[in-house]
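One-letter residues, chain by chain:
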Amino acid sequence: MGNYLIVGLGNPGSRYSNTRHNIGFKILDILVQELDLYFENSTRGDLASLERERDQIIHLLKPNTYMNLSGKSVSFYMRRFKISLSHLLVLTDDLFLPFGRLRIRARGSSGGHRGLESIQAYLQTISYPRLRFGVGQDYSSGQQSNYVLSRFTPEERSDLPFLLERSSAAVLDFIDHGLEASMNRYNSTHL
């Protein structure tokens, strides 16, 4: 059993709210709606918590430390709520996956993602579960930062509601059935 910490990565502020880099925040927004919760501004982030059966508490966190210091917020709440690494799930954008593709992993490198680099540095490990949401690679050489901080295209926006709901379902599957089951269900090549 045990408590869970689900962390959506992103940058605070309206300037970033609908950018590709903030997909972790968007997934948590859908999950909070579905669970009939709301975020409260807390230390180092916005937090929503749900107590479930069997004395299990799920904490949903949107760090307010900006992407490059996400690890500061994650490590703070892991200590505060006594979260084991296996009960942490980080939701993040991924340039190396096609738009909308999900990939759940138990561990892995940062792939150059500054938020994951920060978490890795603060936790001193690459062995923590993460759900990567593909945002594609439709950018010119050297324009990676501009691309992840840009907004979705109209076509992508029309697909987002379904993809965000699917991502939210993957998070609940991770909590209810474990990492391996959620990997088997959501890592397929089909949407």
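The structure this text deals with has already been given above.
Residues numbered from 1 in each chain as written. Predicted model: local features only at pLDDT ≥ 70, side-chain atom pairs only at ≥ 80, totals over all residues. Heavy atoms only, no water.

Undergrad: What am I meant to see in the side chain of Asn-187 here?
TA: With respect to the helices, strands and loops of the structure, Asn-187 is situated in the segment after α6 (179-186). In terms of polar contacts, Asn-187 uses its side chain to reach the backbone amide nitrogen of Ile-104, at 2.6 Å. For Asn-187, the contacting residues outside a window of four places in its chain are Leu-102, Arg-103, Ile-104, Arg-105 and Ser-182. (Helix = DSSP H or I, 4+ residues; strand = E, 2+ residues; numbered from the N terminus. Polar contact = N/O pair within 3.5 Å; in protein donor to acceptor, adjacent residues only side chain to side chain. Contact = heavy atoms within 4.5 Å.)

Undergrad: Hey, could you run me through the nonpolar core in this one?
TA: Nonpolar side chains in soluble globular proteins tend to be buried together. Counting 32 residues, the largest nonpolar core has Ile-6, Ile-27, Leu-60, Leu-91, Leu-131, Phe-133 and Val-171 as its most contacted members. Val-74, Val-90, Leu-116 and Tyr-128 belong to the second largest nonpolar core, which has 18 residues in total. (Core = buried A, V, L, I, M, F, W, Y, C linked by side-chain atoms within 4.5 Å. Buried < 20%, exposed > 50% of the residue type's maximum accessible area, 1.4 Å probe, protein only.)

Undergrad: Sorry, what's going on with helix α1 (residues 23-34) here?
TA: In an α-helix, one turn spans 3.6 residues, which is why side chains three or four residues apart end up on the same side. Taking 1.5 Å per residue, 12 residues should reach 16 Å; α1 reaches 17 Å between its end C-alpha atoms and fits that length. Those residues of α1 lying buried are Ile-23, Gly-24, Phe-25, Ile-27, Leu-28, Ile-30, Leu-31 and Val-32. Residues of α1 that are buried in the fold lie against β1 (4-8), β3 (45-52), β4 (56-63), β5 (88-94), β7 (130-134) and α5 (154-177). Backbone geometry just after α1 places Asp-36 at a positive phi near 55 degrees. (Expected span 1.5 Å × (residues − 1).)

Undergrad: Whenever I open this one, the pairing of β5 confuses me. Can you help?
TA: Regular strands have side chains that alternate between both faces of the sheet. Counting buried positions along β5 yields 7 of 7 residues, so the element is predominantly enclosed. By the alternation rule, side chains of β5 split into Leu-88, Val-90, Thr-92 and Asp-94 and Leu-89, Leu-91 and Asp-93, which are all buried. As defined by bridge partners, β1 adjoins β5 across 4 bridges and the pair is classed as parallel. Directly across from Val-7, in β5, lies its bridge partner Val-90. Bridge count for β5 against β7 is 5 bridges, and the pairing is parallel. Bridge pairing links Asp-93 to Phe-133 in β7. (Pairing = 2+ DSSP bridges.)

Undergrad: Sorry, what's going on with the pattern of salt bridges here?
TA: A side chain of one charge can pair with a side chain of the opposite charge if their charged atoms are brought near each other. Applying the stated criterion across every chain yields a total of 6 salt bridges. The salt bridge partner of Glu-156 is Arg-20, with a shortest N-O separation of 2.8 Å. Note that Glu-156 is positioned in helix α5 and Arg-20 in the loop between β1 and α1, a separation of 136 residues in sequence. Both residues of the pair, Glu-156 and Arg-20, belong to the buried class. Between Arg-185 and Asp-173 there is a salt bridge; the shortest N-O distance is 2.9 Å. (Salt bridge = Lys/Arg side-chain N within 4 Å of Asp/Glu carboxyl O.)

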